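Coordinate inspection notes
For reference, the chains in residue letters:
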Amino acid sequence: MSGTKTYPGDPVELPLRQDQLEPTPVEGCLGCTELANVRDRARAGGDMTTVTDCNVYMRRHPEGHQ
């Protein structure tokens, strides 16, 4: 065998970022409040994908809320 590589390089390991705090809703913002409510319901139902999505949406809120 010639030892030819069939892949471009070593795999990339991405950080899990489990130590980061979740974003908190900005007081008085209906969008943030709704995202926090959806996130709470998703967590109660074990839907961690939706929990993560809500966190991303809250961090990238159109008004710039973080």
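The sections below set out a description of the structure shown in this document. (Residues numbered from 1 in each chain as written. Predicted model: local features only at pLDDT ≥ 70, side-chain atom pairs only at ≥ 80, totals over all residues. Heavy atoms only, no water.)

The residue asparagine 55 is located in helix H2 (residues 48–59) in this model. There is a polar contact of 2.7 Å between the side chain of asparagine 55 and the side chain of arginine 39. Setting aside residues up to four positions removed in sequence, asparagine 55 forms contacts with Glu22, Pro23 and Arg39. (Helix = DSSP H or I, 4+ residues; strand = E, 2+ residues; numbered from the N terminus. Polar contact = N/O pair within 3.5 Å; in protein donor to acceptor, adjacent residues only side chain to side chain. Contact = heavy atoms within 4.5 Å.)

A separate point is the environment of threonine 24. By secondary structure assignment, the location of threonine 24 is in the segment before helix H1 (30–44). Spatially, the C-alpha atom of threonine 24 lies 17 Å from that of alanine 44, the residues being 20 residues apart in sequence.

Another aspect to go through is the pattern of salt bridges. Pairing is possible between side chains that carry opposite charge, provided their charged atoms lie close to one another. In the structure shown here, the tally under the stated rule is three salt bridges. Close ionic contact of arginine 43 with glutamate 22 constitutes a salt bridge, the shortest N to O distance being 2.2 Å. In this pair, arginine 43 sits in helix H1 while glutamate 22 sits in the segment before H1, placing the two residues 21 residues apart along the sequence. For glutamate 22, a relative accessible area of 33% corresponds to the partly exposed category. (Salt bridge = Lys/Arg side-chain N within 4 Å of Asp/Glu carboxyl O. Buried < 20%, exposed > 50% of the residue type's maximum accessible area, 1.4 Å probe, protein only.)

Two quantities define a packed helix pair, namely the angle between the axes and the distance from one axis to the other. Direction vectors running N to C along H1 and H2 enclose 165°, while the axes themselves pass 8 Å from each other. If you check the angle between H1 and H2, you find them roughly antiparallel. Crossing hand, H1 versus H2: left-handed. Within the contact between the two elements, H1 uses Cys32, Leu35, Ala36, Val38, Arg39, Ala42 and Arg43 and H2 uses Thr50, Val51, Cys54, Asn55, Tyr57 and Met58. In terms of residue class, the contact of H1 with H2 is built from nine nonpolar, two polar and two charged. (Axes fitted to C-alpha atoms, helices over the stretch in contact; angles between N-to-C directions. Parallel < 35°, antiparallel > 145°, perpendicular 65-115°, else oblique. Left-handed = near helix turned anticlockwise from the far one by under 90°. Nonpolar A, V, L, I, M, F, W, Y, C, P; charged D, E, K, R; others polar.)

With that out of the way, let us pick up H1. Compared with an ideal rise of 1.5 Å per residue, which puts 15 residues at 21 Å, H1 spans 21 Å between its outermost C-alpha atoms and is within 8% of the ideal. If you check which residues of H1 are buried, you get Cys32, Leu35, Ala36, Arg39 and Ala42. An end-on view of H1 places all buried positions within 125° of arc, on one side of the element. Of the exposed residues in H1, the ones pointing more than 90 degrees away from its buried face are Leu30, Arg41 and Ala44. Taken together, the buried residues of H1 touch H2. Looking one or two residues beyond H1, the residue adopting positive phi is glycine 46, at roughly 80°. (Expected span 1.5 Å × (residues − 1). Arc of directions from axis to C-beta.)

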